[in-house]
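Chain by chain, the residues run as shown.
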Amino acid sequence: MPAAEAPRKAPREPIVQVRNVVKEFGPLRVLDGVGFDVAPGQVAAIVGRSGSGKSTLLRCIAGLETVQGGSISVCGHDVGRPGSAARAQLRRDVGMVFQSYNLFPHLTVERNITLALTLVKKQSRDQANAKAAEVLSLVGLTDKRTAYPEQLSGGQQQRVAIARSLALQPQVMLFDEVTSALDPELTAEVLAVMEDLARRGMTMITVTHEMGFARRVADLVVFMHEGKVWEIGPTAELFASPKTAEFSQFVASEL
Amino acid sequence: MSYQFDFSFLADRWPDFVAGAWLTVQLTVVSIALGLAVGTVCALIRVYGARWMKAPVGVYVELIRNTPLLVQIFIVYFGLSSLGLKLSAEVSAVIALVVNMGAYTTEIMRAGIQSIQRTQLEAADCLGLTRLQTIVHVVLLPAMERVYPALSSQFVLLMLASSITSQISAEELTATANLVQSDTYRSFEVYIVVALVYLALSFLYRFGFWLIGLVLFARKRKLGTAL
Amino acid sequence: MIQLNANHFIYLLQAATWTLLLSLIAFAGGSIVGLAVALLRVSRVRALRALSSGYIQLIQGTPLLIILFLSYFGLGILGYKLVPIVAAGLSLTFYAAAFLGEIWRGCIEAVPKTQWEASDCLGLNRFQQYAYVVLPQAVKLAIPPTVGFMVQIVKNTSLASVIGFVELARAGQIINNSTFEPFVIFTVVAAIYFALCYPLSLAARALERKAHAGR
C-alpha cells in the first residue's frame, strides 16, 4: 500500500501506553496484567460489567491510583508510581472528567474553570476569563458563566466539568462514566459535546456504558473482564465478530 | 423591698465602660484571629496529618476542652511566672484565650474539613493544583462556610468568656466594672450596666460575623442556601 | 514556704465534691427550667415563643461571670444573707437552662412533622402528642448533646469561686496563697477537673456515635 497519505487515525506512535498493569486493593487483584495503546487522535472506549476494573484502570491512567506492577506512560510521562515527579507534568497534559462532576460547589462556573488557569498556569484573571468564555461556548453554556453548580442540571454540570478540563488544553482527555448519573435526555447533551470533541481530533479514553456512543464514536474498544483486557480491537470489527462468549453476552445484555 | 436603684455613677463613669468595652474588643479580636489560625492548622493535621502529628493535637484538644478556662488562665499567669516566665496579665490573657479557642476551633473546623469529599481533592489534583492550593481554595473556604454558624457562636462565647480574664486583672470590661464597683459601692447597678454592654457586644459581634460571612462566601450571598 | 502535702490533696478532693454538688444542682435546676424554656420555644403561642427566645438571647449574650455577680449582689439587695451556694446554684441553673433549652428545642424540632400529623390523625391531643409521641423521640436525640453540655456545667462551676464559693478552683487558690506553688497546684486542680469531665466527654461521643449508627 503506497504511503502517500496515511488515513487520519492510522496508528502512530502511541500517546498512551499501558503495559502489564497490576493493581491490588489489599488482597483483591483488580487489574491483572492490563495492557493496550492509544494513538494520538484516537478515541478509546473501555467497556465491561461493573467490577471488571475499568474505572480503576482509568484512575490509574489519570495518576489517581498507584499501581503495584507494570507501567503506564501518558504523553511520555511515567504514571502510576508513588511520588513520581512526572505527576505535575502529567497534570498539564491529561484532563479528567468524573462521573459525579466534582465541580467546586462554592465557586461560580467561571471560577471553576479559571481556578487552575490562574493558580497552575499563572494566567491573569482576564486571560483566564477569556479562556473560560471560549470553552463555555464550546459546550454551549455561555449564559451560565456566573451561575453556581447547584443551579445547573446534572448535564449542564457535566458539560462545565468538561469545559474546565478543556481550558487547560490537555492532550488526552479521560472520561469516567460521565453519563452514568444522568437521565437519558441529559445524557444526550453530554455525549454530543464529547462527539464534537472527538471530531476535533482530541485523544480520548472513555469508560462508558453507552454502547451506541462507543460504536458511533470510538475507534478502539477495550472490553474488560475480571481485571483483564478480554478483547480489544477496532470498534466495527469487534462488534461485528466478537471472539469470546463473554463479550457477545455483554453486548447482548447492553442492547 | 425598699431598695433604691442608683445609676448616677454613670454620669461621670460612663467613659470607663466605653474604654473597658474597647479593651475587650481588642483582646478578643486578637484572640479570635490567632485562635482560628491555631485551630485551622490543628484541624488540618487531625484530618490529613501523619499519625505522629495527630496524637499530640488530639491530646491538646482533649486537655483544653475538659478543663476550665479559669484554671487555664491561672496556669498561664501564675504558673508560668512561678517557673520564671513573667508575662503581663494581658499577654497571659491572650495566650490562654488563644490556646482555649484553638482547641474548640480545631473540633469545629475538623467537622467542616471532613465534610469536603475526597472527590473534590481528586478533581483539584487532576487540574494540577498543588496540595497547598487545594487546601486553601478547595478545602478551607467551603469547609468554613459549612461550619460558619458554629464557628461564629464559638467566637461570641469566647468574647463573653474573656470576662474571666478579669480574675488576673487583665484590663478589659469586667475588670473595669470591678473597679467602678469598688469606687461607688453600687455593685448591682454596675453589673447590670456591664451585662447590658456585654449583651450589646454579643449582638454587635454576631452582626459583624454575619457581615464577614457575606463578604467571604459569595455563593451564599447570592443563593442564600446552605452549602 | 509551706510544702505541698497530703492534707492539701485531701482538701482539694473535698472541694471537688462541692464542685460535683454544685454541678448536680445546676444540672437538675437547669433541666427543669430548660425543659420549660424548650417547650415554650416551640409553643403555638407567639408571645410565649418570643418570651423564651428573649430569655435565651439574654442569658447567652451575658457572661456567666456577670450573671454570678448579679445574683450574688441581687440576692443581697433582696435582703437575703449572701450565701454563695445559693447565688451560684441559681446563676448556673438559669445559665444551664438557656443552653439546655436551646439544645432541646432543636431535638423537639428534629422529630419529623409527620409524627405530629400521624398522632393528630389518631385523635391525640396536644399534651398526649408531646407525652407519648414527640418527647420520647426527642429524648433519644437529646441525650448525647445533653451529656456533652454537662462537661460545660462542671467546668463553669469553677466561676463560682469569684463569689467566694469554695469549690475546686477556689480551693486551689487558697492553697496557693500559703504554698506559692501555683504551677503545681493549678496543674493538679486542672487534672482533677479533667478526671471529672473527660469521662463525660467520652460518654457523649460514644452516645453520639451510637445515635448515628442507629440512623
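A quick note: this is a predicted structure, and the numbers were derived from the prediction, not measured.

A word on helix α6 (residues 126–156) of chain C. Residues and elements named next belong to chain C. With 31 residues, α6 should cover 45 Å at 1.5 Å per step; its first-to-last C-alpha distance of 36 Å lies more than 12% under that length. Of all the bends in α6, the greatest reaches close to 45° and is centred on V134; the proline P136 follows between one and four positions later. Its side-chain oxygen at 3.1 Å from the backbone nitrogen of F127, N125 defines the N-terminal cap of α6.

Moving on to the side chain of T179(A). Among the secondary structure elements, T179(A) is positioned in the loop between β7 (172–176) and α6 (184–199). Residue T179(A) is classed as buried on the basis of its relative accessible area, which comes to 7%.

What the rule picks out here adds up to 25 salt bridges over all chains. As a salt-bridge pair, K228(A) and D32(A) come within 3.0 Å of each other at their nearest N and O atoms. Here K228(A) is found in strand β10 (residues 228–234), whereas its partner D32(A) is found in strand β2 (residues 28–38), with 196 residues between them in sequence. Here E107(B) makes a salt bridge to R46(B), at a shortest N to O gap of 2.9 Å. A residue pair is termed long-range when its members are at least 10 positions apart, and E107(B) in helix α4 (residues 89–114) and R46(B) in helix α1 (residues 10–48) qualify at 61 residues. Owing to a relative accessible area of 18%, E107(B) belongs among the buried residues under this scheme. Here the salt bridges do not stand alone but share partners, grouping K23(A), R59(A), E65(A) and E122(B) into one network.

This part covers the nonpolar core. Counting 117 residues, the largest nonpolar core has V71(B), I113(B), Y205(B), L12(C), I66(C) and I163(C) as the members making the most contacts within it. With 13 residues, helix α6 (residues 131–161) of chain B is the largest single contributor of residues to this core. If sequence neighbours within four positions are ignored, V71(B) has contacts with A169(C), F186(C), V189(C), A190(C) and Y193(C). Counting residues in each nonpolar core, the second largest holds 93 residues, with I15(A), V160(A), L168(A) and I205(A) among its members.

Attention now moves to the packing of α1(B) against helix α8 (residues 187–216) of chain B. Residues and elements named next belong to chain B. At a minimum axis distance of 11 Å, the contact between α1 and α8 shows a crossing angle of 40°. Comparing their axes, α8 and α1 come out oblique. Our pair here, α1 against α8, has a crossing hand that is right-handed. Judged by residue contacts, L10, F17, A21, T24, V25, T28, V29 and I32 of α1 engage V190, V193, V194, V197, Y198, L201, Y205 and F209 from α8. Split into classes, the residues belonging to the contact of α1 with α8 amount to 14 nonpolar, 2 polar and no charged.

Attention shifts here to the interface of chain C and chain B. Taken together, the contact between chain C and chain B spans 36 residues of the former and 39 residues of the latter. Buried surface at the junction of chain C and chain B, both sides included, amounts to about 3,100 Å², of which 76% is carbon and sulfur. At the junction of chain C with chain B, the criterion picks out 1 salt bridge. In this assembly, chain C and chain B are joined by 6 residue pairs in polar contact (both at pLDDT 80 or more). Put simply, the parts of the chain that give the side of chain C that touches chain B at least two residues each are α2 (46–60), α3 (64–77), α6, α7 (168–179) and α8 (182–214) of chain C. By residue number, the principal contributor to the side of chain C that touches chain B is α8(C), which donates 12 residues. A breakdown of the residues in the side of chain C that touches chain B according to their chemical character gives 23 nonpolar, 11 polar and 2 charged.

Over its 16 residues, α6(A) runs 22 Å from end to end, which matches the ideal 22 Å to within 8%, given 1.5 Å per residue. Just downstream of α6(A) lies G201(A), where phi reads positive at about 90°.

Moving on to the sheet that holds strand β1 (residues 16–25) of chain A. Residue and element names in this part refer to chain A. Strand order across the open sheet formed by 4 strands is β2-β1-β4-β5, with antiparallel pairing between neighbours. If you trace the sheet from one side to the other, it starts and ends with β2 and β5 (77–79), each paired once. Across the sheet, the mean angle from the axis of one strand to that of its neighbour is 30°, orientation sign disregarded. Relative to β5, strand β4 (residues 69–74) runs antiparallel, the two being bridged by 3 bridges. Across the sheet, I72 pairs through a bridge with V79, a residue of β5. Here helix α1 (residues 54–61) sits on the sheet in contact with β1, β2, β4 and β5, set at roughly 65° to β2.

The rules behind the values
Residues numbered from 1 in each chain as written. Chains lettered and ligands numbered in written order. Predicted model: local features only at pLDDT ≥ 70, side-chain atom pairs only at ≥ 80, totals over all residues. Heavy atoms only, no water. Helix = DSSP H or I, 4+ residues; strand = E, 2+ residues; numbered from the N terminus. Expected span 1.5 Å × (residues − 1). Bend = angle between axes of the 7 residues up to and from the residue. Polar contact = N/O pair within 3.5 Å; in protein donor to acceptor, adjacent residues only side chain to side chain. Buried < 20%, exposed > 50% of the residue type's maximum accessible area, 1.4 Å probe, protein only. Salt bridge = Lys/Arg side-chain N within 4 Å of Asp/Glu carboxyl O. Core = buried A, V, L, I, M, F, W, Y, C linked by side-chain atoms within 4.5 Å. Contact = heavy atoms within 4.5 Å. Axes fitted to C-alpha atoms, helices over the stretch in contact; angles between N-to-C directions. Parallel < 35°, antiparallel > 145°, perpendicular 65-115°, else oblique. Left-handed = near helix turned anticlockwise from the far one by under 90°. Nonpolar A, V, L, I, M, F, W, Y, C, P; charged D, E, K, R; others polar. Buried area = accessible area lost by both parts, 1.4 Å probe. Pairing = 2+ DSSP bridges.

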